[in-house]
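# Notes for the structure review
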Amino acid sequence: MKDNPIAATTINKDDLIVIAGAGGFIAGALTRYFHDQGFTRIRAIDKKPLPEWYQRTPGVESLSMDLSEYDNCVRAVEGAREVYNLAADMGGMGFIERFRVECLRSVLINTHMIEAAYRAGAERYFFSSSACAYNTDLQQDPNVRALRESDAYPAMAERGYGWEKLISEMFCQEYWAERRMKTFIARFHNVYGPNGTWDGGREKAPAALTRKVIEAQDTGDNAITIWGDGHQTRSFMYIDDCTKGIDMIMHCERLIATPINLGSSHLVSINDLVTMIEDIAGIKMNRTYDLTAPRGVAGRNSDNTFIREVLDWEPNTPLRVGMERTYAWIKQQYADRKAGIYTPAAETGMPSTH
Ligand code: NAD
């Protein structure tokens, strides 16, 4: 390995790690990941009540707190050696195009968390940014050129959500430049996998399409409505690659205050993704296209030149493998809910604007 990311840090297994947003998809998986690595002191925090978390890892201190309040951030990071901030009010395109104010208000979480982490003397601070921070003018064609880290500027980010990510990235960079707290910034590209949102309005394309296929199987109505014309392209990163990548990025000195793509570089169209899910389910759907639905940019892919160079690694779980696991999990959730068994995903609320 060119730059051994693990050797770069001196973190001990009994140092306190704080993970924000842990009732959600990625931070929930990250909590389990560090627990499985043998870390004995993990504090997981989310504003959702505990029964609504997708995963709760046994032995982890799990707290329900609103991190848009500064005092709660102070309590959250007390004694922390490392802080992973993945808390955000977010969802798929349907959510981020409709609730821009909510997305922008995540800046409260990010400004308060980084200040509290700094004052608590945390050594390392991780921020989950997004490919939505990239200039949207570069994403108007389904046959896109993959996005390089330098493509965020000149800035023309996704309205609301993307701009909030950009400004929070800048906070991370200035806390390093001015105050010498080591900050790390990963720009995630579409993460998918079990234990994430699969219905209710915040779900993203892989989960939403999988649910639609499962519903169709169940009802015998083989119809599926696809948002947009289906030609829009994306890359999708499996959750296990995401948690591994976060760990490697956070512990790589070369990446201090340096945004880096964390995503798959395997581009697929939404139509191809539907075909794959049909294949997994053993069903053929009648497709209709809703051209008025939110569809996001025409194409988006991750240029992984930089991550390959720095970490000698890139997300590599084949889409088919990850989608089979995702399909199996959503199918079970669907069956459980139908049988009247409680499923946390059903409880995820949408914002109320009044
Ligand atoms: P998620 O919605 O499943 O998890 C986010 C969690 O943050 C939720 O459980 C939510 O309750 C919590 N949260 C929101 N406001 C809070 C507050 N005020 N205080 C405490 N907790 C709060 O989303 P995710 O997919 O796990 O995303 C995690 C991070 O990764 C986010 O920052 C997101 O913007 C970023 N990201 C995700 C993707 C993706 O494809 N999932 C892509 C790019 C970036």
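Source: prediction; values computed, not measured.

### Let's talk about the layout of surface pockets
- Approximately 150 Å³ is the volume attributed to the second largest pocket.
- The wall of the second largest pocket is formed by A29, R32, Y33, D36, Q55, P194, N195, I239, D240 and T243.
- Listing elements by their share of the lining of the second largest pocket, those giving two or more residues are α1 (25-36) and α7 (239-250).
- Looking at the lining of the second largest pocket, the element that brings in the most residues is α1, giving four residues.

### Considerations on the site of the ligand
- In the vicinity of the ligand, 27 residues are found, and the nearest of them are I26, D46, L67, Y161 and V191.
- K48 places a side-chain nitrogen or oxygen 3.5 Å from an oxygen atom of the ligand.
- Relative to its unbound accessible area of 820 Å², the ligand is 94% covered by the protein chains.
- Elements with a contribution of two residues or more to the shell around the ligand: α1, β5 (124-130) and α5 (161-179).
- Looking at which element gives the most residues to the shell around the ligand, the answer is β5, with three residues.
- Class assignment of the residues belonging to the shell around the ligand gives a composition of twelve nonpolar, eight polar and seven charged.

### Here we look at the nonpolar core
- Ranked by internal contacts, the top residues of the largest apolar core, which has 68 residues, are Y84, F126, F188, I246 and L262.
- Taken together, domain 1 (5-189 + 239-262) and domain 2 (205-234 + 267-300 + 318-345) each give at least three residues to this core, which thus spans both.
- Here F188 is in contact with I26, L86, F126, S128, S129, S130, A131, C242, I246 and L262, once residues within four sequence places are set aside.
- Listed in part, the 24 residues of the second largest apolar core include A76, V83, C172 and M181.

### What to know about the domain arrangement of the chain
- Annotation of the chain at the domain level lists domain 1 (5-189 + 239-262) and domain 2 (205-234 + 267-300 + 318-345).
- Look at where the C-alpha atoms of domain 1 and domain 2 centre, and you get two points 27 Å apart.
- Facing 19 residues of domain 1, the contacting portion of domain 2 comprises 15 residues.
- When the two sides are added together, the surface that domain 1 and domain 2 hide from each other amounts to roughly 1,200 Å², 60% of it contributed by carbon and sulfur.

### Describing the pairing of strand β6 (residues 182-188)
- Counted residue by residue, β6 has six buried out of seven residues, so it is predominantly covered.
- In this fold, the crossover linking β5 to β6 by way of α5 has right-handed handedness.

### Focus on the pattern of salt bridges
- Overall, the coordinates contain 22 salt bridges when judged by the stated rule.
- D218 is paired through a salt bridge with K338; the nearest N and O atoms lie 2.9 Å apart. One end of the pair, D218, is in helix α6 (residues 205-219); the other, K338, is in helix α10 (residues 319-338), and 120 residues separate them in sequence.
- D218 sits in the partly exposed class, given a relative accessible area of 35%.
- Among the charged side chains, a salt-bridge network with shared partners connects D15, R81 and E123.

### As for the sheet that holds strand β11 (residues 260-262)
- Strand order in the open sheet formed by seven strands is β3-β2-β1-β4-β5-β6-β11, with parallel pairing between adjacent strands. The open sheet terminates on both sides in strands that have one partner only, identified here as β3 (61-64) and β11. For this sheet, the mean inter-axis angle between neighbouring strands, taken without regard to orientation, is 20°.
- Sheet analysis places strand β1 (residues 17-20) next to strand β2 (residues 42-46), joined by four bridges and oriented parallel. Looking at the pairing, I19 lines up with A44 of β2.
- Across the face of the sheet, α5 comes into contact with β5 and β6 while running at roughly 155° to β5.

### Concerning the packing of aromatic side chains
- Applying the stated criterion across every chain yields a total of eight aromatic pairs.
- Judged by centre distance (5.1 Å) and plane angle (50°), the rings of F34 and Y84 are tilted. Here F34 is found in helix α1, whereas its partner Y84 is found in strand β4 (residues 82-85), with 50 residues between them in sequence.
- Measuring from ring centre to ring centre gives 5.0 Å for F95 and F99, while their planes differ by 40°; the resulting arrangement is tilted.
- Given the relative accessible area of 6%, F99 is considered buried.

### Quick look at α5
- Here α5 spans 26 Å end to end across 19 residues, near enough to the 27 Å set by a 1.5 Å rise per residue.
- Within the span of α5, buried status applies to Y161, G162, E164, K165, L166, S168, E169, C172 and Y175.
- Buried positions along α5 lie against α3 (93-96), α4 (100-119), β5 and β6.
- Looking at the residues trailing α5, positive phi occurs at R180, about 65°.

Conventions we followed
- For every chain, the first residue of the written sequence is number 1, and numbering continues from 1 along that sequence.
- Residues qualify for local features only when their pLDDT is at least 70, as the model is predicted, and side-chain atom pairs are given and counted only at 80 or more; totals for whole chains, interfaces and linings, by contrast, use all residues.
- Side-chain metrics in this entry use all non-hydrogen atoms of the structure; hydrogen atoms and water are not considered.
- Within this scheme a cavity is a closed region of a 1 Å grid, computed over the protein atoms alone, that accommodates a 1.4 Å probe without allowing it to escape, whereas a pocket is open but has protein on both sides within 12 Å along at least five of seven lines; lining residues each have an atom within 4 Å of a point.
- Grid points are joined across faces, edges and corners, and a volume is the space filled by probe spheres set on the points.
- Helix and strand labels come from DSSP, where a helix needs a run of H or I of at least four residues and a strand needs a run of E of at least two; each type is numbered from the N terminus.
- Neighbouring residues are identified by heavy atoms, a residue being near a molecule or strand if any of them is within 4 Å of it.
- Distance and chemistry together define a polar contact, namely a pair of N or O atoms within 3.5 Å, with one atom able to donate a hydrogen and the other to accept it when in protein, and with adjacent residues in sequence counting only for side-chain atoms on both sides.
- Residue-level accessible areas treat just the shown protein chains as cover; the underlying method is Shrake-Rupley with a 1.4 Å probe.
- All amino acids are sorted into three groups, where Ala, Val, Leu, Ile, Met, Phe, Trp, Tyr, Cys and Pro are nonpolar, Asp, Glu, Lys and Arg are charged, and the leftover types, Gly among them, are polar.
- Residues grouped as a nonpolar core are buried Ala, Val, Leu, Ile, Met, Phe, Trp, Tyr and Cys residues, joined through side-chain atoms within 4.5 Å.
- Only protein chains enter the accessibility calculation, which uses a 1.4 Å probe; a residue whose area is less than 20% of its type maximum is buried, one above 50% is exposed, and one in between is partly exposed.
- Domain ranges listed in this record stem from an automatic or a database domain assignment.
- Pairs of residues are marked as contacts when any of their non-hydrogen atoms sit within 4.5 Å.
- Put simply, buried area is how much 1.4 Å-probe accessible surface two parts lose in total, over both of them, once they are put together.
- If the strands point away from the viewer and the path from the first strand over the helix to the second runs clockwise, then the crossover is right-handed.
- For this analysis, a salt bridge means a side-chain nitrogen from Lys or Arg found within 4 Å of a carboxyl oxygen belonging to Asp or Glu.
- Note on pairing: DSSP must find at least two bridges between two strands before they are called paired.
- For helices, the fitted line uses only the C-alpha atoms of the stretch in contact; every axis is such a line through C-alpha atoms, and the angle between N-to-C directions lies from 0 to 180 degrees.
- Stacked, edge-to-face and tilted labels apply to pairs of Phe, Tyr and Trp rings (six-membered ring for Trp) whose centres lie within 6.5 Å, assigned for plane angles under 30 degrees, over 60, and everything in between, in that order.
- What a helix should span is 1.5 Å times the count of its residues minus one.

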